[in-house]
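# Topology and contacts: notes
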Amino acid sequence: MIQGIDYAAVAPPLILAAAALAVLVADAFGVARRVLGLVTGSAFGAALVAVIALAAGERRATFCVPGGLRGSGPASCSYVADDFTLLFQGVVLTAAVVVVLLSLREITDSRIPAGEYHFLLLSAVTGAVTLVAARDLVLLVVALETLSLPVFALVALRRYDGVASEAAVKLFLVSVVSSAVMLFGISLVYGATGAMHLDRIAPALAKLPSDLDPVAGVGIMLVLAGFGFKVAAVPFHFWAPDVYQGAPLPVAAFLSVISKAAGFAGLVIVLALGFPAYGHVWGPLVGIMAALTMTLGNLLALRQGTAIRLLAWSSVAQSGYMLAPLASGAHRLPEAVAATTAYVALYAVMNLGAFAVVVGFRRRAGAVGGADALDDFRGLGRRSPAVAAALAFFLICLAGLPPGVMGLFAKVVVFRSTVAGGATWLAVIMALNTVIGLFYYLRWAVLLFAEPTGRPYATAVPGLPVRFAVGAAAAGAVVLSVAPQLVLQAVTSVT
């Protein structure tokens, strides 16, 4: 059977893949790094325009196979450009534009080969936008690996830096193990159901014979464990702090926002579309993972003395909040999916803004290679009020306090969904962890306006791309803080 291809549906990943090849060839002919950066940013912008065009038209699907006897039933499609897909593709591509802006100066300062960097970044984002559209387990794994494999090299591109090489090796080993675990789980699910498309797996699991129930249960748990590695959920989180610290800052931002958003999109797709009949199996596991993730992440963030490691452990804790609504299993699943999706979208703005300011601060700090200790930020409000105000605003958003009420709104949405799903015990743990998070976010924000230490700092000013990225993230955070309910309304209509 020859499948037809709807090229309009797959336009966003096609644009990115073509741009990746173009960047690789252009670099071989010695094209300037600024031109390569312009091509990469333009490709992300063009793919975002394609997503907007798809959102304005009818929803599409491709790579479909007929269902039922002799093709009489509804078709099952591997790639679906529905509202959920377009929402996550929009989030990923918008964040990717910001990462490109943050990368332009980092490539020069860290002596990173520009062609390889932009090629790998485009390849990874191609995997991310494909992952959120995948509706069968084969395409999902291929997209997940397309997202993961380039990141190993992105982390290690500072070839002279032993810390970066060590971080890349850790990420590689963890990702290989998680992929193997997930593939084994998928093989068990396929063996039990005889299907790969999620819309065929769900009814097959609902009427599965009792003797195959343990096989399917173990397979689902292994798939969940594989996604646990990707989103840095406890106990699969241990790679995150070292990798964030060793990677170039724009790559750390990529891992914290784009990779995490795509990972959660894949997890939600699999659980909601493929495994709802086994909600009684994966629901309690997700609840335990959420409780451990937010608790351990917040407690270890309290002990951090450097900005990147604090953001890394904070990112782990935030994963726990995102997982919490899914602990209800199949009970009120659409509401849980909407809550998790809304939190991921709001978190992307908050965390990407914080990383953007830290990138800009490193350009201003006098230490060679940039400053990272929290004490280096002391008195920043007097030396650079705009940078300090932006960072304080993003930290307040992450803490969930006015005027950054988007963070509070995100936690309230997740809390409400968790309680409605019957996981009251998890909502109590989340409330306690929110209080813990307030301490280290506010401690960092207070340092920004504390008395300076008298240490001399360089007067280097962040470049225009970084300032534009910070301004764009701040503008988005302000808008979402004024009307955060718009996100929930949009997400609810999508899910």
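Structure: see above.
Predicted model, so just to flag it, every value in this text is computed and none were measured.

Thresholds applied
Residues numbered from 1 in each chain as written. Predicted model: local features only at pLDDT ≥ 70, side-chain atom pairs only at ≥ 80, totals over all residues. Heavy atoms only, no water. Helix = DSSP H or I, 4+ residues; strand = E, 2+ residues; numbered from the N terminus. Expected span 1.5 Å × (residues − 1). Buried < 20%, exposed > 50% of the residue type's maximum accessible area, 1.4 Å probe, protein only. Phe/Tyr/Trp six-rings, centres within 6.5 Å; stacked < 30°, edge-to-face > 60°.

The next thing to look at is the environment of Thr 94. Tracing the backbone through its elements, the reader meets Thr 94 in helix H3 (residues 83–109). Along the backbone, Thr 94 and Ile 258 are 164 residues apart, and their C-alpha atoms lie at a distance of 9.5 Å.

Between its terminal C-alpha atoms helix H2 (residues 33–56) stretches 35 Å, which fits the 34 Å expected from 24 residues at 1.5 Å a residue. Those residues of H2 that fall on the buried side of the exposure criterion are Leu 36, Gly 37, Thr 40, Ala 43, Phe 44, Ala 47, Ala 50, Val 51 and Leu 54.

Let us look at the packing of aromatic side chains. Tallied over the full model, the rule gives 9 aromatic pairs. Aromatic side chains Phe 229 and Phe 236 sit 4.7 Å apart centroid to centroid with 45° between the ring planes, which places their arrangement in the tilted category. For the pair shown, Phe 229 and Phe 236 are each scored as buried. With a centroid separation of 6.4 Å and 55° between ring planes, the pair formed by Trp 239 and Tyr 244 is classed as tilted. Overall, the relative accessible area of 2% leaves Tyr 244 in the buried class.

Once that is clear, we can look at unusual backbone geometry. For residues other than glycine, phi is negative in most cases, and the peptide bonds are mostly trans. Looking along the chain, the bond that leaves Val 234 and enters Pro 235 is cis, with omega of 10°. The topology assignment puts Pro 235 in the loop between helix H8 (213–230) and helix H9 (240–246). Unlike most non-glycine residues, Ala 232 shows phi in positive territory, near 60°. Here Ala 232 lies in the loop between H8 and H9. Residue classification places Ala 232 among the buried residues on the basis of a relative accessible area of 2%. Unusually for a residue other than glycine, Arg 332 sits at a positive phi of about 55°. Residue placement: Arg 332 occurs in the loop between helix H12 (307–323) and helix H13 (333–364).

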